[in-house]
Amino acid sequence: MADSPATPDRGSVIELLLSIGRESLDMDPEGVYFTPDGTESRAHVDALAVIRGRAEAFVHWVKDIDPLVRRPATEGLGLFPGDSARAVEVLRGLLPGSGTVERLLVVRTVATVALRDAAVHGAAAGWLDALAGDTGQVPEVRLAALVHRARCTPGELGDAVVPAVVGLLRQITPDEIGGGVDASCWAGAEPGVAEGSAPSPGVPPQIAAAFEDLERQGRVHAPTTSLLEAFHTLLDDRVPERTALLTEQLQGADPAMRYDAIRMARDLISQWRGDHTGLVVLLAGCFLSEDAYTCASVAEALGSLGPVSEPAREALASYIEATRASHGPHVWASPDRLVRRAHQEAVRALARLGDLRALPSVLTGLDEATDAWRAVQVAGHLSGAAGDLTPRLSKLLAEVDSADPSQSMSAGALVSALGQLAGPMDARALTSAVTATVCHKQWHMTVSALNALASLGPAAACALEVVRPLADAQDISVRAAATAALWELEGDAGRVVPRLVELVESHRHHEVADVLGRIGPAAAPALPRLRKMLTTDHAWTRVHAAAALWDIGGDADAPIVLETLLAAWAENDSTSNHVLACLSRMGPAARPVLPRIREELTLLRRSGRFRSVTNDEELQAACRSTTPGF
């Protein structure tokens, strides 16, 4: 099919062959795999044999007149060469006369051949060296040669490579890039998103938005982007050098390069610790009112960085004010999709910092039908405006159809926001939600509402008549959540401890153990079962049980608690936030783990639950605040 001129879209056929071959290369050639019906398969070996047997076809295709055929064929020539030396020779011959994008691909493919076959490594590396120093080449090609030469010998990456890359970046201008940039990105309409398109009926808006986000994540706007991403991967934990590189990328003359650098900067900050103030300030500098496409990406990146985005606070507030001034107070619901998304993302990022300057737009989002769910997700961060937010959230919660499981995401976000705000009207709204969800047996939604009620504490005592019967519910999740809520609402240990002891070995044991810990010494009847939980294989179970054991038993259990916490921390560093919270409560009794806490502060890569920025920043703060107490 790929050989025949009559085949439409021949490039896609070659891309399919390339995909099959690449997947087969990643599999163990000696391994045995099985099809879904259990049949033994070595199809990956057979596929590679077929493709390698036709390696000469790639030599033919790389000279095709159609660039959509040449590009995947070029990559294939690097992965499945019949003769590596000849492949390098053919590839080098393609460089003159090709466009910038194809020349970058040729350079990368030569490096790929060199990495796969030591016999051509020296010659290929020498060619890349010469190309990097050839001032007659455009800077993009020299940059590609420099980076891919470094790929060929990663252990020899010296201190001069990053300055050399930065120097070449400064020589790149938008005019040189030409057709490599998707110009439609700057034409006022998001590529791949049809104006006025709407999800199918019954699809939660959060799900539809998630698919749009996935589509955006795959976009590349500058031909140098994959090259620079490969260089960042090569630099790995050399954070200062990567920061210097990103500083140049974010200040470059080419808007497409700057746009793609936003994602790279977010990824660096998300994965590595350090003082990222300079990068955050540069991200904030990318806010340009006339470029909503880039502003949306910047705001989304800042919103994902939690407290690290603090240096961008004023830039976010200024952009929000500017868009409200130029597009009106209802810009949250602007018919222009780009403007609307940029404004909403900036509002959400500012709200996550607890800044009440986000409030007017959040209220607009809650009052109007357009993307109210986006406003709900951040409303809980604006605790200073509970009086304005609680009535609106309560109204939206009352409108949720509890009989419709597809609305559970919306209900969950609403009850979570109400729980965070702890406003004067929250208890009544949440109590009504519990009643409605129980009526329709939507137990997952019931548990969420009960947990939110529990977070209000005694202020939600008016809900006791609804909560008490649920402590005997057939659904164990509801029973556990209701029992926990009973303790938070009325604080009667004698009533709830026997129930919690029965529940502690259920599948809700984490939450039950936490409640027992909050009860403290009055929960002593649970100690035998908690000690038994310390022997399980699951690190999270052991951590929650150990923390509860300390909170209930105190010093007498300190040695086994410390041993358990340290072992779980070593096994699964996602437990670290919970571990540090317990160690902080233990005070001087936790002195033996001081070396591990100090070690944590020396690590470069982010840790904490889900390795999220917010959790890792909280972990580092907990480590710093805990050590002086020892």
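Refer to the structure printed above.
Reading guide: rules and limits
- Residues numbered from 1 in each chain as written.
- Predicted model: local features only at pLDDT ≥ 70, side-chain atom pairs only at ≥ 80, totals over all residues.
- Heavy atoms only, no water.
- Helix = DSSP H or I, 4+ residues; strand = E, 2+ residues; numbered from the N terminus.
- Buried < 20%, exposed > 50% of the residue type's maximum accessible area, 1.4 Å probe, protein only.
- Contact = heavy atoms within 4.5 Å.
- Areas by Shrake-Rupley, 256 points an atom, 1.4 Å probe, with all protein chains shown as cover.
- Lys, Arg positive; Asp, Glu negative; His and termini not counted.
- Charge placed at Lys NZ, Arg CZ, Asp CG, Glu CD.
- Polar contact = N/O pair within 3.5 Å; in protein donor to acceptor, adjacent residues only side chain to side chain.
- Patch = residues over 30% accessible without salt bridge, like charges linked within 9 Å, V, L, I, M, F, W, Y side chains within 5 Å.
- Salt bridge = Lys/Arg side-chain N within 4 Å of Asp/Glu carboxyl O.
- Core = buried A, V, L, I, M, F, W, Y, C linked by side-chain atoms within 4.5 Å.
- Arc of directions from axis to C-beta.
- Axes fitted to C-alpha atoms, helices over the stretch in contact; angles between N-to-C directions.
- Parallel < 35°, antiparallel > 145°, perpendicular 65-115°, else oblique.
- Left-handed = near helix turned anticlockwise from the far one by under 90°.
- Nonpolar A, V, L, I, M, F, W, Y, C, P; charged D, E, K, R; others polar.

## Comments concerning the overall build of the protein
A count of helical and extended segments in the protein gives 34 helices and two strands. For the protein, the spread of C-alpha atoms along the three principal axes comes to 85 × 60 × 55 Å. Scored against the burial criterion, the 630 residues of the protein give a buried share of 52%. For the protein, contacts bridging at least 24 residues in sequence account for 66% of all contacts bridging at least 6. Total accessible area on the protein stands at roughly 27800 Å², and carbon and sulfur atoms take up 54% of it. Measuring between centres, the 57 positive side-chain charges of the protein sit 2 Å from its 79 negative side-chain charges.

## Quick notes on the side chain of Thr575
Looking at where Thr575 falls in the secondary structure, it is placed in the loop between helix H31 (558-571) and helix H32 (576-586). Polar contacts involving the side chain of Thr575 include one to the main-chain carbonyl oxygen of Asn572, which spans 2.8 Å.

## What about a nonpolar patch on the surface?
Side chains of Val203, Ile207, Phe211, Leu214 and Met409 sit close together on the surface and give an oily, nonpolar patch of about 450 Å² of accessible area. Ranked by the residues each element gives to the nonpolar patch, the list is headed by helix H11 (residues 205-217), at three residues. Along the chain, the position of Val203 falls in the loop between helix H10 (174-177) and H11.

## Some thoughts on the nonpolar core
Phe231, Leu389, Leu393, Leu530, Leu583 and Met586 are the most contacted members of the largest nonpolar core, which has 198 residues in total. With residues near it in sequence (within four places) discarded, Phe231 still touches Val147, Leu157, Val161, Val162, Val165 and Leu245.

## Thoughts on helix H27 (residues 493-503)
Of the positions making up H27, those classed as buried are Ala493, Val496, Val497, Leu500, Val501 and Leu503. Down the axis of H27, the sector holding all buried residues measures 155 degrees, keeping them to one side. When the buried face of H27 is taken as reference, the exposed residues oriented beyond 90 degrees from it are Gly494 and Glu502. Of the residues that open H27, the one with a side-chain oxygen 3.2 Å from the backbone nitrogen of Gly494 is Asp492.

## Observations regarding the side chain of Ser402
With respect to the helices and strands, Ser402 occurs in the loop between helix H21 (386-398) and helix H22 (408-421). Ser402 sits in the buried class, given a relative accessible area of 8%. Those residues in contact with Ser402 that sit more than four places away from it in its chain are Ala436, Thr437, His440, Gln442 and Met445.

## A few points about the packing of helix H8 (residues 139-152) against helix H12 (residues 225-235)
Running from amino to carboxyl end, H8 crosses H12 at an angle of 30 degrees, the nearest separation of the two axes being 10 Å. Taken together, the axes of H8 and H12 lie roughly parallel to each other. As for how H8 packs across H12, the hand of that crossing is left-handed. Of H12, the residues touching H8 (which contributes Glu140, Leu143, Ala144, Val147, His148, Ala150 and Arg151) are Leu227, Leu228, Phe231 and Leu234. Of the residues belonging to the contact of H8 with H12, the class tally is eight nonpolar, one polar and two charged.

## Quick look at the pattern of salt bridges
Enumeration over the complete set of coordinates arrives at 42 salt bridges. Between Arg86 and Glu56 there is a salt bridge, with its nearest N and O atoms 2.8 Å apart. On the criterion of sequence distance, the pair formed by Arg86 in helix H5 (residues 84-94) and Glu56 in helix H3 (residues 55-61) is long-range, its members being 30 residues apart. Take Glu56: its relative accessible area is 47%, and that puts it in the partly exposed class. Taken together, the salt bridges that share partners define one network made up of Arg273, Arg596, Glu600, Arg606, Asp616 and Glu617.

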